[in-house]
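Chain by chain, the residues:
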There are 2 protein chains.
Amino acid sequence: MHSRTAFFVSDGTGITAEAFGNAILAQFDLSIRGIRLPFVDTIDKAHQAIRQINHTHEVEGKKPIVFTTLVNPALQELLRSHCKGMVMDMFGTFVHPLEGELGVKSHHRVGRFTDISKSKAYSNRMEAINYTLLHDDGQSNRDLSGADVILIGVSRSGKTPTSLYLAMQHGLKVANYPLIPEDFDRKRLPPALDDHRKKLFGLTIQPERLSEIRNERRPDSRYASLENCRYEVAEAEAMMRRAGVRWLSTTTKSIEEISTTILSDLRPQNLQNLSSFS
Amino acid sequence: MHSRTAFFVSDGTGITAEAFGNAILAQFDLSIRGIRLPFVDTIDKAHQAIRQINHTHEVEGKKPIVFTTLVNPALQELLRSHCKGMVMDMFGTFVHPLEGELGVKSHHRVGRFTDISKSKAYSNRMEAINYTLLHDDGQSNRDLSGADVILIGVSRSGKTPTSLYLAMQHGLKVANYPLIPEDFDRKRLPPALDDHRKKLFGLTIQPERLSEIRNERRPDSRYASLENCRYEVAEAEAMMRRAGVRWLSTTTKSIEEISTTILSDLRPQNLQNLSSFS
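Residues numbered from 1 in each chain as written. Chains lettered and ligands numbered in written order. Predicted model: local features only at pLDDT ≥ 70, side-chain atom pairs only at ≥ 80, totals over all residues. Heavy atoms only, no water.

An unreviewed UniProt entry lists chain A under the name Putative phosphoenolpyruvate synthase regulatory protein, from Lampropedia hyalina DSM 16112. Recorded in UniProt under Function (unreviewed entry), the annotation for chain A is "Bifunctional serine/threonine kinase and phosphorylase involved in the regulation of the phosphoenolpyruvate synthase (PEPS) by catalyzing its phosphorylation/dephosphorylation." Heading Sequence similarities (unreviewed entry) of the UniProt record for chain A holds this comment: "Belongs to the pyruvate, phosphate/water dikinase regulatory protein family. PSRP subfamily." (UniProt positions renumbered as here; feature names shortened; annotations may be inferred.)

Caption draft 1: Structural context of the pairing of strand β5 (residues 149-153) of chain B. Residue and element names in this part refer to chain B. Burial analysis of β5 places 5 of its 5 residues in the buried class, which makes it a mostly covered element. Two elements, β5 and strand β6 (residues 174-178), share 5 bridges in a ladder whose sense is parallel. Considered in β6, the bridge of V149 is made with V174. As for the winding sense of the linkage, the β-α-β connection from β5 through helix α6 (residues 159-170) to β6 is right-handed. The pairing of β5 with strand β7 (residues 200-204) spans 3 bridges and is parallel. (Buried < 20%, exposed > 50% of the residue type's maximum accessible area, 1.4 Å probe, protein only. Helix = DSSP H or I, 4+ residues; strand = E, 2+ residues; numbered from the N terminus. Pairing = 2+ DSSP bridges. Right-handed = clockwise from strand over helix to strand, strands pointing away.)

Caption draft 2: Expanded view of the relation of the copies chain B and chain A. At an RMSD of 0.0 Å, chain B and chain A line up after a rotation of 180° and a shift of 0.0 Å along the axis. These values place the two chain copies in the arrangement generated by a two-fold rotation axis. The overlap is high: 100% of the interface residues of chain B also sit at the interface in chain A, so the same surface is used on both sides. (Least-squares fit on C-alpha atoms with pLDDT ≥ 70 in both. Contact = heavy atoms within 4.5 Å.)

Caption draft 3: Spotlight on the pattern of salt bridges. Residue and element names in this part refer to chain A. Overall, the coordinates contain 31 salt bridges over all chains when judged by the stated rule. Measuring nitrogen to oxygen at the nearest pair gives 3.6 Å for the salt bridge that ties E99 to K105. Under the relative-accessibility criterion, E99 is labelled buried at 12%. Put simply, R188 and D194 hold a salt bridge, and the shortest N to O gap is 2.8 Å. The exposure class of D194 is partly exposed, given its relative accessible area of 33%. Several salt bridges converge on common partners, so that one network encompasses E77, R80 and D89. (Salt bridge = Lys/Arg side-chain N within 4 Å of Asp/Glu carboxyl O.)

Caption draft 4: Local environment of the UniProt feature "binding site: ADP" (unreviewed entry) in chain A. Residues and elements named next belong to chain A. Feature annotation in UniProt assigns "binding site: ADP" (unreviewed entry) to the following positions: G153, V154, S155, R156, S157, G158, K159 and T160. Relative to the assigned elements, S155 resides in the loop between β5 (149-154) and α6 (159-170). Take S155: its relative accessible area is 23%, and that puts it in the partly exposed class. Topologically, R156 is positioned in the loop between β5 and α6.

Caption draft 5: Region of the structure containing the packing of α6(B) against helix α10 (residues 255-266) of chain B. All names here are of chain B. The N-to-C vectors of α6 and α10 enclose an angle of 70°; their axes lie 10 Å apart at closest approach. The angle between the axes of α6 and α10 places the two elements in the roughly perpendicular class. Listed contacts from α10 to P161, T162, Y165, L166 and H170 of α6 are I255, E256, I258, S259, I262 and L263. (Axes fitted to C-alpha atoms, helices over the stretch in contact; angles between N-to-C directions. Parallel < 35°, antiparallel > 145°, perpendicular 65-115°, else oblique.)

Caption draft 6: Region of the structure containing the sheet that holds strand β7 (residues 200-204) of chain A. Residues and elements named next belong to chain A. Reading across the sheet, the 4 strands line up as β6-β5-β7-β8 and stay open at both edges, with parallel pairing between neighbours. The open sheet has two edge strands with one neighbour each: β6 (174-179) and β8 (247-249). For this sheet, the mean angle separating the axes of adjacent strands, direction not counted, is 25°. Those strands touched by helix α9 (residues 226-243) are β5, β6, β7 and β8, and its axis lies near 155° from that of β7.

Caption draft 7: Representation of the pairing of strand β2 (residues 31-37) of chain B in the model. All names here are of chain B. Most of β2 is tucked away: 6 of the 7 residues are buried. Sheet topology note: the strand β1 (residues 4-9)/β2 ladder contains 6 bridges and is parallel. Among the inter-strand pairings, A6 is bridged to a residue of β2, identified as G34.

Caption draft 8: Molecular detail of helix α3 (residues 73-82) of chain A. Residues and elements named next belong to chain A. Among the residues of α3, those classed as buried are L75, Q76, L78 and L79. Each buried residue of α3 lies within a common arc of 165° when the element is viewed along its axis, so the set occupies one face. Packing partners of the buried residues in α3 comprise α2 (43-60), β3 (65-68), β4 (86-89) and α4 (90-102). Two or three places before A74, at the opening of α3, N72 has a side-chain oxygen 2.8 Å from that residue's backbone nitrogen. (Arc of directions from axis to C-beta. Polar contact = N/O pair within 3.5 Å; in protein donor to acceptor, adjacent residues only side chain to side chain.)

Caption draft 9: A look at the packing of aromatic side chains. Using the criterion set out here, one finds 8 aromatic pairs over all chains in the structure. Ring geometry for F20(A) versus F94(B): centroids 5.8 Å apart, planes at 75°, classification edge-to-face. Taken together, the residues span two chains, with F20(A) in helix α1 (residues 15-25) and F94(B) in helix α4 (residues 90-102). Like F94(B), F20(A) is buried. Centre to centre, the rings of F8(B) and F67(B) are 6.0 Å apart; their planes meet at 20°, and the pair counts as stacked. One end of the pair, F8(B), is in strand β1; the other, F67(B), is in strand β3 (residues 65-68), and 59 residues separate them in sequence. Relative accessible area serves as the criterion here: at 1%, F8(B) is assigned to the buried category. Taken together through their ring pairs, the aromatic side chains of F20(A), F94(A), F20(B) and F94(B) make up a single cluster. In this structure, R214(A) packs its charged tip against the face of Y223(A), placed 4.2 Å from the ring centre. (Phe/Tyr/Trp six-rings, centres within 6.5 Å; stacked < 30°, edge-to-face > 60°. Lys NZ or Arg CZ within 6 Å of the ring centre and 35° of its normal.)

Caption draft 10: Broad picture of the side chain of K159(A). All names here are of chain A. Mapped onto the fold, K159 is located in helix α6. One buried charged residue, K159, forms no salt bridge at all, with the nearest opposite charge on D137 at 5.1 Å. Among the polar contacts listed, one links the side chain of K159 to the backbone oxygen of G153, at a separation of 3.2 Å. Excluding anything up to four places from it in sequence, K159 contacts L151, I152, G153, V154, N176, Y177, P178 and L203. (Lys, Arg positive; Asp, Glu negative; His and termini not counted.)

Now the structure itself:
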């Protein structure tokens, strides 16, 4: 049973309101039911959201927590005056002091992203996703010079999800290559990677965890056995050490943490964005 | 030339701080250079971040805008007292009033996500990504009953990126199926989908935009010609209408907007999460 309901109300997708609200709520030892209310961009939809919030208040007898990123001042005001939840107005709170510091008025415009699909950044992102899909799991050696990053590591060390995340969220073209028994026998990295040393980044993982993951796939196989996982991980790490490849352990990390670490280490400039918000 | 620098400072990845800060800054007609400073989780790293911010202040002669989600009160305080930027303390601002309403103290714990890789939600997400990759572009009819959503649409209407986003961010198993000339000749949906009508969601796109996108791939082909794009889109829309399949146009929408719309329409419960933050 949850102890409180939280709403994330936005005139857009509500993804930012939800991510931010969840990060705040994670600071409390409570079980929270979260409900995202996206595209609240008319008076009618605002009234509908208010009804839903007030209904929850009645049923639960506790104020719902309402995180909002509403941009439209009329809708902000409507929510503030009619809703019985505790309203955390994320935009209002910060936009006003910023107007003072920046010396310009905010334009309260919704839907800056409406035409994002035609922007250059957006088509780069699409291209990055396509590139990354074509270069998953060593499928293709073609155009490796076009890659921004090449991930290497044993099977099931986290290469595919990390590659897709970097492509989707950062527009990077990512190739990934499995390190396999043939490579360990030869005691060297796959020859296709020789010319791309600077782009390599390794993922490793604790053998115990790797064995668990592989056992979900192929129970009781030699592939999944702890003995084999220990062998593969030790060989892969030795190989990366010899080749001077940077690497990190994915064992206790989320995709977001792995990706941020790779970006910081390999291309710190990717944590910088020059965006024109006009 | 950018007119102001913004920093996003976090003891974690800084992804939330950046998304939120960018959403706020988008309300201003300014060109902003954004710099993410992740994993600021020690006094040393905080001092390093402060030096970088103050150096920017000196060079540019304007206060940098500093969005922070620091959880550690000692680091928050250090930043507030030593940094010459305008500090927007996203956590401090909202956590204190929430403590009052919720009647519990926040635990100021960093790294709640450290062991996320072992959680059930995380392994569902990994499984969803694997499922979605195996069921991209009609590759496999196996286990379609395991899909949460099946996207259909003409080639290059946005199915693959949307599928991957829904898998990665929402842990949904998504299959996608291209609608191709053979389907238009037969005037019916691919037979493999007959038993899964309720899960279908269609993506369509303006023929002019589709022709642009296809021309980047295969310039001057019949496939990319406006005439052919008009034919395919008209046939696909007619087919979806006859079959009673819900659909939306991706022409001016971001992946996030498309995904949120699909979730609202098909499975509103997916905008609800019951999370235990303990």
